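Topology and contacts: notes
Listed here are the chains, written in short residue letters.
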Amino acid sequence: MYEPRMRTKSMERFVCSKEPPNRSESLLRDSAKRLGISNAALEQIEKPYTFIYQRLPVEVEGEVINISSGIVLHNRARGPYKGGIRIASDVNIWETNELARLMTLKTALADLELGGGKTGIRVDFEKIYGMFKDRFKLGFYPFCDMLKDHIMKEFVDHFVERGLVRIYIPAPDMGSSGREMMLFYNRTHDPAVVTAKPEGIEGWLPGRHEATGFGTAYAILKYLEHIGKDPSEITVAIQGFGNVGSHTAYYLNDYGCKVLAVTDFYGGVCHEEGIDVNELMDYARENRTVKGYDDKHTIDNDTMFRMPVDILVPAASGHVIGKENCGELGVRLLVAEAANMPVSYEAFLELKERGIDLLPDNYVNSGGVIASDLEYRQGLGGTRYSRTQVFDHLRGRFDEMFGNMLEIKDRAGSFTQAACDIALRRIYLAMKTRSLI
Ligand code: GLU
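No experiment lies behind these values; they were computed from the predicted model shown.

Before going further, it helps to spend a moment on the overall build of the protein chain. Within the protein chain one finds 16 helices and eleven strands. Projecting the C-alpha coordinates of the protein chain onto the three principal axes gives extents of approximately 60 × 55 × 45 Å. For the protein chain, buried positions account for 59% of its 437 residues. Put simply, 70% of the contacts in the protein chain that link residues at least 6 apart link residues at least 24 apart. If you sum the accessible surface of the protein chain, you get close to 18,300 Å²; carbon and sulfur atoms cover 48% of it.

The following block contains the structure:
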C-alpha cells in the first residue's frame, strides 16, 4: 500500500479540521523531550499514515440507511496495523485516530511485532430502532444483532476489496465481539485475517475472550505485589461490566479482592460486603446489563466514582475522568485503565499531584492484543496454543512490561510516562532502522 509521508498541517488542511488536544500527543511530547527525539521525528510518529472513510449503505425494511465508518492505519513500523473495531453512536475520525495511535503505543510497550490501527463505525442503534420498531416484531437486542450483521457484512466486503487483508488485522473493541470477527473469516477463509475469532473457528485462541480482563486483573496484582499489599485487603469499584469489566471483576475476585460496586450504562449495584461476582456475571449475561440484579442496593456512576475504594477500574468508554470530576474521586490508591483513554491528561496530572497512582491503558488492557498476537501467529504458522499456554504467556508479558516500567518510573515521573517512554523509544528505533524517519 502506498504510504505518503505527510506533514501534519497538510493533513489537517485536507481534513478541514484540527485534531483536538488529546492525552497521547501530550504524553508523547513529554517523552520525546526526555528521550531527545526531535519535533520533526515526533511528528512522523504521532500522525497516521492512512485515513479511510467508508460509507456503509445498509437496507432495513426496503429503506437504505447510510452508516459512516472510518479506518485509521496509524503506524506499521514494527509490524502489521493491529487494532479493534469500535461500534458506537459517538465515534468520529479523530477519536478513531487517537485510538489507533494508542494501539501503536500498546503493541510497542508489549514488545509485539505489530503496529497500530483502529476502525470506528458510527451507529445509533436506539435511534434506528426507534425509526423501525413499529414495523418490526423484533425486540431491541435482536434488532441490533441483525443490523450489526448487515453493517459488518458491508464493511467486510469493502475491507477485502481494498486489499487490507493481512495489512490491517482487526479485532473486537467496544460494541463488537467474536461474532463480528467471524464474518471476516467467512469471507476469506483465512485464519490470520482477524483475531478474537469465536471458539471452534479455524485459528481461534483459547483464552482470547477473557484475555483483556485477565490481563487487567494481573496488571493490578503486579502493582499490589509491588506496594506490598495483599489482595484480601483491597476494595475495588468497576465501571463497565461488558467483556472487559466482567472478566476483570472475576479474576480480581479470584485473587481475593473485594469488588464493592459495579456500574454499566443502564445502572449499578453496590454491596458493602462484596458482590457475588459469579452470580452477577450470570445475571448480566442473561440480561445484558447489571441493572435489576439487586434493586435494594443500586448505585449510579457518579456516586460510585465518589465512593471510598482502594482501586477504581474504568472499564467502559473513554474520557470519563477529566478535570471536572477528578477532584471528587473517592479512590485512595490506584486508578487502573481497563478502558482506552478513560482519564484525560489534566486528570492524570491531578491524580499524580494527589499521590494516586495511575496504571495506563497501554499496559493495563494490553492482554487483549497480546493474546491477539498469539492468535495471529497461530493463524500464520499453524501452531496451536492451549489456554494454559496463553495465560502463562500473558503473565510473562505483564511481568516484563511491569519490570520495564519500574526500571524507569522514577526518572520518567510515573507509570504512565514510563510506559510512553518505552513505547516511543521502540517505535522511534524501528522507524529509524527502516529509514522512515
Ligand atoms: N480492542 C482491543 C484494544 O483496544 C484489542 C485489539 C486487538 O486485539 O487487536 O486493545
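Moving on from the coordinates now.
Near the ligand there are 14 residues, and of these Lys 82, Lys 106, Pro 172, Asp 173 and Ser 372 occur at the shortest range. Residue Lys 82 places a side-chain N or O atom 2.7 Å away from an oxygen atom belonging to the ligand. At 3.2 Å from an oxygen atom of the ligand is found a side-chain nitrogen or oxygen belonging to Lys 118. Only β3 (81–88), α4 (93–109), β5 (168–172) and α14 (367–381) provide two or more residues apiece to the shell around the ligand. When its residues are assigned to classes, the shell around the ligand shows four nonpolar, five polar and five charged.

Taken together, the six strands give an open sheet; going across it, the order is β8-β7-β6-β9-β10-β11, and neighbouring strands pair in mixed fashion. Two strands in the sheet have a free side with no partner beyond their single neighbour: β8 (268–270) and β11 (357–359). Taking each pair of neighbouring strands and ignoring which way they run, the sheet shows an average axis angle of 20°. The pairing of strand β9 (residues 311–314) with strand β10 (residues 334–336) spans two bridges and is classified as parallel.

Quick look at the sheet that holds β3 now. Remark on secondary structure: sheet strands pair via backbone hydrogen bonds, oriented parallel or antiparallel. The strand order across the open sheet built from five strands is β1-β2-β4-β3-β5, with neighbouring strands paired in mixed fashion. Strands at the two margins of the open sheet, each flanked by one partner only, are β1 (50–60) and β5. Averaged over all pairs of adjacent strands, the angle between strand axes in this sheet comes to 25°, irrespective of strand direction. Here β1 pairs with strand β2 (residues 63–75) via eleven bridges, running antiparallel. The residue bridging Val 58 from the neighbouring strand is Ile 65, located in β2. Strands in contact with helix α6 (residues 140–161) are β1, β2, β3, β4 (116–122) and β5; relative to β1, the strand with the most contacts, it is inclined by about 135°.

As a further point, take α6. An α-helical segment advances 3.6 residues per turn. Residues three or four places apart therefore align on the same side. The end-to-end C-alpha distance of α6, which contains 22 residues, comes to 32 Å, matching closely the 32 Å that a straight helix rising 1.5 Å per residue would cover. Within α6 the residues assigned to the buried category are Phe 143, Cys 144, Leu 147, Lys 148, Asp 149, Ile 151, Met 152, Phe 155, Val 156 and Phe 159. One or two residues past the end of α6 sits Gly 163, with phi positive at roughly 70°.

Attention now moves to the packing of aromatic side chains. Centre-to-centre distance and the angle between the planes together describe a pair of aromatic rings. Scanning the model with the defined rule gives 21 aromatic pairs in all. Judged by centre distance (6.2 Å) and plane angle (70°), the rings of Tyr 223 and Phe 415 are edge-to-face. Taken together, the residues Tyr 223 in helix α8 (residues 211–227) and Phe 415 in helix α16 (residues 415–433) connect sequence positions 192 residues apart. Judged by relative accessible area, Tyr 223 falls into the buried class, the value being 1%. Each residue in the set Phe 214, Tyr 218, Tyr 223, Tyr 250, Tyr 251, Tyr 363, Phe 391, Phe 398, Phe 402 and Phe 415 is aromatic and connected to the rest through ring pairs, giving one cluster.

Let us now look at unusual backbone geometry. Its identity is not glycine, yet Glu 61 carries a phi of approximately 50°, on the positive side. By the element assignment, Glu 61 lies in the loop between β1 and β2. On the basis of relative accessible area, Glu 61 is assigned to the partly exposed category, the value being 44%. Phi angles above zero are rare outside glycine, and His 319 is one such case at about 55°. Residue position: His 319 is located in the loop between β9 and β10.

A few words now on the packing of α6 against helix α7 (residues 178–188). Axes are the key here: two packed helices are described by the angle between their axes and the distance separating the axes. At a closest axis distance of 9 Å, the pairing of α6 and α7 adopts a crossing angle of 40°. For the element pair α6 / α7, the angle class is oblique. Between α6 and α7 the crossing geometry is right-handed. Between α6 and α7, the contacting residues are Asp 145, Lys 148, Asp 149, Met 152, Lys 153, Phe 155, Val 156, Asp 157, Phe 159, Val 160 and Glu 161 on the first element and Arg 179, Glu 180, Leu 183, Phe 184, Arg 187 and Thr 188 on the second.

Summarising burial for strand β7 (residues 258–263): five of the six residues are buried, a large majority. As defined by bridge partners, strand β6 (residues 235–239) adjoins β7 across five bridges and the pair is classed as parallel. Looking across to β7, one finds that Ala 237 is bridged to Ala 261. The handedness of the β6 to β7 crossover, carried by helix α9 (residues 243–255), is right-handed.

Turning to the pairing of β3, a few remarks are in order. Extensive coverage of β3 is indicated by the burial of eight of its eight residues. Direction of pairing for β3 relative to β5: parallel, over a ladder of five bridges. Note that in β5 the partner of Tyr 81 across the bridge is Tyr 168. Bridge count for β3 against β4 is four bridges, and the pairing is parallel.

Definitions and cut-offs
- Residues numbered from 1 in each chain as written.
- Predicted model: local features only at pLDDT ≥ 70, side-chain atom pairs only at ≥ 80, totals over all residues.
- Heavy atoms only, no water.
- Helix = DSSP H or I, 4+ residues; strand = E, 2+ residues; numbered from the N terminus.
- Buried < 20%, exposed > 50% of the residue type's maximum accessible area, 1.4 Å probe, protein only.
- Contact = heavy atoms within 4.5 Å.
- Areas by Shrake-Rupley, 256 points an atom, 1.4 Å probe, with all protein chains shown as cover.
- Near = heavy atom within 4 Å.
- Polar contact = N/O pair within 3.5 Å; in protein donor to acceptor, adjacent residues only side chain to side chain.
- Nonpolar A, V, L, I, M, F, W, Y, C, P; charged D, E, K, R; others polar.
- Pairing = 2+ DSSP bridges.
- Axes fitted to C-alpha atoms, helices over the stretch in contact; angles between N-to-C directions.
- Expected span 1.5 Å × (residues − 1).
- Phe/Tyr/Trp six-rings, centres within 6.5 Å; stacked < 30°, edge-to-face > 60°.
- Parallel < 35°, antiparallel > 145°, perpendicular 65-115°, else oblique.
- Left-handed = near helix turned anticlockwise from the far one by under 90°.
- Right-handed = clockwise from strand over helix to strand, strands pointing away.

Functional significance is not addressed by these values, which are geometric in nature.
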